[in-house]
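Residue strings, one per chain:
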Amino acid sequence: MCGIIGMVGEGAPEFVVRGLRTLEYRGYDSSGIAVAKGGVVFVQKGVGTIDRIVSEPPEGVAAIGHTRWATHGGVTEFNAHPHLDCSGKYAVVHNGIIENHTALRQELVGRGHVFTSETDSEVIVHLFEEGVARFGDYEKALNYVLSKIRGQYAFVILTADGAILAARNGAPLLVGRSENATFVASDPVPLLGVASEIYRLRDGSYAVVTRAGAHISGEAQRVPEISARRVELGGYAHYMEKEIFEQPRALRDTLDYLRREEISLELDGRVHLLAAGTSYHASLYGEYLLRRRGIDARAFVASEYGSWKGREPDYIIAVSQSGETEDVLSVLRNQEGPEVVAITNTPGSTIEEYANTVIYTRAGPEVGVAATKTYTTQLLVFAHLFSGERPDKLPELAGQVIESAKPLAERLADELARKNNAYFLGRGLDVVTAREGALKLKEISYIHAEAYPAGESKHGPISLVENGFPVFFTASPDTFDETLPNVHEMRARGAEVVLASSEPSELAEYWFSVPHVSEVIFPMLSVIPWQLVAYYTAVRRGLNPDRPRNLAKSVTVR
Ligand code: M6R
């Protein structure tokens, strides 16, 4: 989704371009930069990659930059951010939605303002221009803007004399400090290793940044330090590859944290789990473990929670690796009754503001759009909280699965890269792994993949199966015998069977060996082959798995 970066200090334009590159993983269609120099704001922007649009910015004392993921207005150069006011002295970059932009635009046009884009964002900079003319003071002008706009936003205004004004309401925005410079960003990644302190603005607050320093209105929360080392690519070709291979370490760190901090949850009442995408799959796993303990639990796709007509829960467990998924946050914003537990990989993220209890996965920053290490560590959190098992050997076993699955996944990818469809099947908890496997394959390799309970496949989906149709089975030791008849059914129709299980089967053309473990531990291991298959297939297809089309790492719109 959209990304914001800004700096006041020496070398600001170069920092902003570097920062924009680190935001690329979030997904974008256009990009731009504004630089303040000698009382003038210079803007470079357009459709396409940062390197194409802003590789050589002008020098300047302050700069802001933006990666845009279009919502209001098409993907055009005019709609790319930053947007200038009529005088050309102020520029704005914005994430989120200004809900009353149509009315504001009409009023501003009526007062002589000329708009150059179709975006909702442009009203901000025209209002700011009016505010400065009226009050002669940047902070007052910013408050004037804030009194006029409605919606969820994070925006940053650059002035021609090198000041930055930043405000947030419902979308993340950080302010970072170093000895000689002040930074703003929508995401901590560009600030890692650069800012010595990072603060998260609270909803409704703002910051005024000049060469003299930053003034933050109201309370700001200090973001815990995250190791910068972990976001480097190292020797890997892509972040997704690195993140799959990092899982033994991520699982170990998460396990250590859960034990060291003695994390536990006593839930006495009805539980709803809310999440999106991969985190929803983790919630299905959590739901299963809670129900196994006799707790009334139900997992929801967060964007569908509005249509729930049943009784209110006593607890909400919200799962989001980024902690910024708007579908989840918008539900939490309107909850008063239930106690909220957040499970997130991102300390200091917005979800914490709505949670009574926060539990972390310690996967380290995940850059690849496809969730991998955050998924297995989310499962681990649920297993730790609700299974009573002690998965001491899990990290080591994950390492073994990665090592043995890699060559086979590479071989399979050569073949799979030429296919257009696939099924992922399983029973019981293996359905969760099947869902996650199908999501991984489709989102990065663009191969159409669907997941079903294995028994359900003969009630319709099997009609598509013909010679060479790939069907991926996940079968834990607990479900293996029950799943085998479904493998037979698929083979009989010419399917190419790929199996992840602890026991081999001569029916499978590709067999991924997964250690013989309990039904609780198995999903954290059996998903790894599917992650690897998706990764290598995308690479074979010539795609960049870190940046699949149309997708963003954190989805901050509804
Ligand atoms: O940050 P979150 O865990 O809330 O993200 C939820 C989904 O957007 C995310 O899992 C998405 O489905 C990934 N692309 C899956 O790989």
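Residues numbered from 1 in each chain as written. Predicted model: local features only at pLDDT ≥ 70, side-chain atom pairs only at ≥ 80, totals over all residues. Heavy atoms only, no water.

Draft legend 1. Highlighting helix α12 (residues 430-445). The end-to-end C-alpha separation of α12 is 22 Å, in line with the 22 Å expected for 16 residues at 1.5 Å each. Once α12 ends, the next one or two residues include Tyr446, with phi positive near 65 degrees. (Helix = DSSP H or I, 4+ residues; strand = E, 2+ residues; numbered from the N terminus. Expected span 1.5 Å × (residues − 1).)

Draft legend 2. Region of interest: the sheet that holds strand β7 (residues 151-159). Spatially, six strands are ordered β5-β6-β7-β8-β12-β13 in an open sheet, and the strand pairing comes out antiparallel. For this open sheet the edge positions go to β5 (83-84) and β13 (213-216), each flanked by a neighbour on one side alone. In terms of strand pairing, strand β12 (residues 206-210) meets β13 through four bridges, oriented antiparallel. Opposite Val208, over in β13, you have His215 as the bridge partner. On the sheet, helix α5 (residues 138-148) packs against β6 (90-98), β7, β8 (164-169), β12 and β13 and is oriented at approximately 30 degrees with respect to β8. (Pairing = 2+ DSSP bridges. Contact = heavy atoms within 4.5 Å. Axes fitted to C-alpha atoms, helices over the stretch in contact; angles between N-to-C directions.)

Draft legend 3. How the structure looks around the domain arrangement of the protein chain. When its domains are assigned, the protein chain resolves into domain 1 (3-225), domain 2 (235-388) and domain 3 (404-543). Here the C-alpha centre of domain 2 lies 31 Å away from the C-alpha centre of domain 1. Of the roughly 1000 Å² buried where domain 1 meets domain 2, counting both sides, 47% is carbon and sulfur surface. For the pair domain 1 and domain 2, the interface holds two salt bridges. Residue Arg200 is joined to Glu324 by a salt bridge in which the shortest nitrogen-to-oxygen separation is 3.1 Å. (Domains from an automatic or database assignment. Buried area = accessible area lost by both parts, 1.4 Å probe. Salt bridge = Lys/Arg side-chain N within 4 Å of Asp/Glu carboxyl O.)

Draft legend 4. Highlighting a negative patch on the surface. Taken together, the side chains of Glu266, Asp268, Glu312 and Asp314 make up a negatively charged region of the molecular surface. Along the chain, the position of Asp268 falls in the loop between α7 (247-260) and β15 (271-275). With a relative accessible area of 68%, Asp268 lands in the exposed category. (Patch = residues over 30% accessible without salt bridge, like charges linked within 9 Å, V, L, I, M, F, W, Y side chains within 5 Å. Areas by Shrake-Rupley, 256 points an atom, 1.4 Å probe, with all protein chains shown as cover. Lys, Arg positive; Asp, Glu negative; His and termini not counted. Charge placed at Lys NZ, Arg CZ, Asp CG, Glu CD. Buried < 20%, exposed > 50% of the residue type's maximum accessible area, 1.4 Å probe, protein only.)

Draft legend 5. Fine view of the site of the ligand. Around the ligand lies a shell of 15 residues, among which Ser279, Ser320, Ser322, Thr325 and Glu443 are the nearest. Take Val369: an N or O atom from its main chain is 3.2 Å from a nitrogen atom of the ligand. Within the contact set of the ligand, an oxygen atom lies 2.8 Å away from a backbone nitrogen or oxygen of Ala371. A total of 410 Å² of accessible area belongs to the ligand in isolation, and the protein chains cover 92% of it. For the shell around the ligand, the secondary-structure elements that each account for two or more residues are α8 (277-292) and α12. Considering only residue class, the shell around the ligand consists of six nonpolar, seven polar and two charged. In terms of domain composition, the shell around the ligand takes at least three residues from each of domain 2 (235-388) and domain 3 (404-543). (Near = heavy atom within 4 Å. Polar contact = N/O pair within 3.5 Å; in protein donor to acceptor, adjacent residues only side chain to side chain. Nonpolar A, V, L, I, M, F, W, Y, C, P; charged D, E, K, R; others polar.)

Draft legend 6. Focus on the packing of α8 against helix α10 (residues 373-386). The N-to-C vectors of α8 and α10 enclose an angle of 15 degrees; their axes lie 9 Å apart at closest approach. Relative to α10, the element α8 is oriented roughly parallel. For the crossing formed where α8 meets α10, the hand is right-handed. Two secondary-structure elements touch here, α8 through Thr278, Ser279, His281, Ala282, Ser283, Tyr285, Gly286, Leu289 and Leu290 and α10 through Tyr375, Gln378, Leu379, Phe382, Ala383 and Phe386. Across the contact of α8 with α10, the residue classes break down as nine nonpolar, six polar and no charged. (Parallel < 35°, antiparallel > 145°, perpendicular 65-115°, else oblique. Left-handed = near helix turned anticlockwise from the far one by under 90°.)

Draft legend 7. Focus on the pattern of salt bridges. This structure, assessed with the given rule, holds 24 salt bridges. For Glu10, the salt bridge identified is with Arg211, shortest N-O distance 3.7 Å. Linking Glu10 in the loop between β1 (3-8) and α1 (12-23) with Arg211 in the loop between β12 and β13, this pair joins segments that are 201 residues apart in sequence. One salt bridge in this structure joins Arg111 and Glu130, with 2.5 Å as the shortest N-O distance. Here Glu130 lies in helix α4 (residues 122-135) and Arg111 lies in the loop between α3 (101-110) and α4, a separation of 19 residues in the sequence. With relative accessibility at 11%, the residue Glu130 sits in the buried group. Three or more residues are tied together by salt bridges with common partners; here these are Lys242, Glu246, Arg249, Asp253 and Lys373.

Draft legend 8. Examining the environment of Gly110 more closely. With respect to the helices and strands, the residue Gly110 is situated in helix α3. A relative accessible area of 67% means that Gly110 is categorised as exposed.

Draft legend 9. Geometry of the pairing of strand β24 (residues 510-513). The alternating pattern of β24 places Tyr510 and Phe512 on a buried face, while none of Trp511 and Ser513, on the opposite face, is buried. Two elements, strand β23 (residues 496-501) and β24, share four bridges in a ladder whose sense is parallel. The partner of Ser501 across the bridge, within β24, is Ser513.

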